[in-house]
Amino acid sequence: MTRQKTDWFQAIKDIRARHGCDILAAERIALSDPDWRRWVDAQINRDPDCRKMARRHMKSRGPASLIVVGDGRLKIGDAI
């Protein structure tokens with residue numbers, strides 16, 4: 001499945017509108033989908049812009065972050 005960053009942002013907007021939730025909750029919902037999870041996992045390690053956003057997310061969310069560092073790589077945490 002080919003995805004683009006714009007697809008991710010639109011998916012989050014759609015989820016927020018549908019469920020009336022905040023960004024973090026929408027991201028959790030999106031990441032419960034295995035396809036999105038694999039795509040995001042790859043993007044945060046391959047795309048410099050995505051990696052930068054992931055690190056910013058980790059810094060701002062602290063222990064509540066959806067992203068963790070494991071084996072020297074960024075990855076989606078298990079506690080989604």
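Look up a bit, the structure's there.
Residues numbered from 1 in each chain as written. Predicted model: local features only at pLDDT ≥ 70, side-chain atom pairs only at ≥ 80, totals over all residues. Heavy atoms only, no water.

A few points about the packing of helix H3 (residues 34-46) against helix H4 (residues 48-61)
Line of reasoning, step 1. Two elements in contact, H3 and H4, have axes separated by 6 Å at closest approach and are oriented at 100°. Between H3 and H4, the interaxial angle falls into the category roughly perpendicular. For the pair formed by H3 and H4, the contact residues are Gln 43, Ile 44, Asn 45 and Arg 46 on the first element and Pro 48, Cys 50, Arg 51 and Ala 54 on the second.
Line of reasoning, step 2. Taken together, the residues that form the contact of H3 with H4 break down as 4 nonpolar, 2 polar and 2 charged. (Axes fitted to C-alpha atoms, helices over the stretch in contact; angles between N-to-C directions. Helix = DSSP H or I, 4+ residues; strand = E, 2+ residues; numbered from the N terminus. Parallel < 35°, antiparallel > 145°, perpendicular 65-115°, else oblique. Contact = heavy atoms within 4.5 Å. Nonpolar A, V, L, I, M, F, W, Y, C, P; charged D, E, K, R; others polar.)

Remarks on the packing of aromatic side chains
Line of reasoning, step 1. Under the counting rule described, the total for this entry stands at 3 aromatic pairs.
Line of reasoning, step 2. Measuring from ring centre to ring centre gives 5.2 Å for Trp 8 and Trp 36, while their planes differ by 65°; the resulting arrangement is edge-to-face. Here Trp 8, found in helix H1 (residues 5-19), pairs with Trp 36, found in helix H3; they are 28 residues apart in sequence, far enough to count as distant.
Line of reasoning, step 3. Judged by relative accessible area, Trp 8 falls into the buried class, the value being 12%.
Line of reasoning, step 4. Here the aromatic rings of Trp 36 and Trp 39 are separated by 5.5 Å at their centres, their planes lie at 85°, and the arrangement is edge-to-face. In this pair, Trp 36 and Trp 39 are both assigned in helix H3, 3 residues apart and thus about one turn of the helix distant.
Line of reasoning, step 5. A residue is classified by how much of its surface remains accessible, and Trp 39, at 12% relative accessible area, is buried. (Phe/Tyr/Trp six-rings, centres within 6.5 Å; stacked < 30°, edge-to-face > 60°. Buried < 20%, exposed > 50% of the residue type's maximum accessible area, 1.4 Å probe, protein only.)

A look at the pattern of salt bridges
Line of reasoning, step 1. Inspection of every chain in the model, using the stated rule, returns 1 salt bridge.
Line of reasoning, step 2. The salt bridge partner of Asp 35 is Arg 38, with a shortest N-O separation of 2.5 Å. Of this pair, Asp 35 and Arg 38 both sit in helix H3, separated by 3 residues, roughly a single helical turn.
Line of reasoning, step 3. Classification of Asp 35 as partly exposed rests on a relative accessible area of 30%. (Salt bridge = Lys/Arg side-chain N within 4 Å of Asp/Glu carboxyl O.)

What to know about H1
For the α-helix, the turn length of 3.6 residues means that residues three or four positions removed from each other point alike.
Line of reasoning, step 1. Along its 15 residues, H1 runs 21 Å from first to last C-alpha, staying within 8% of the 21 Å computed at 1.5 Å per residue.
Line of reasoning, step 2. Positive phi appears at Gly 20, one or two residues downstream of H1, with a value of about 60°. (Expected span 1.5 Å × (residues − 1).)

What to know about the packing of H1 against H3
Line of reasoning, step 1. It is at 12 Å that the axes of H1 and H3 come closest, and there the two elements cross at 130°. For the element pair H1 / H3, the angle class is oblique. Considering only the axes of H1 and H3, their crossing is left-handed. Seen from H1, the contacting residues are Lys 5, Asp 7, Trp 8 and Ala 11; seen from H3, they are Trp 36, Trp 39 and Val 40.
Line of reasoning, step 2. Looking at the contact of H1 with H3 residue by residue, the class counts come to 5 nonpolar, no polar and 2 charged. (Left-handed = near helix turned anticlockwise from the far one by under 90°.)

No statement about biological role is implied by the geometric values presented.
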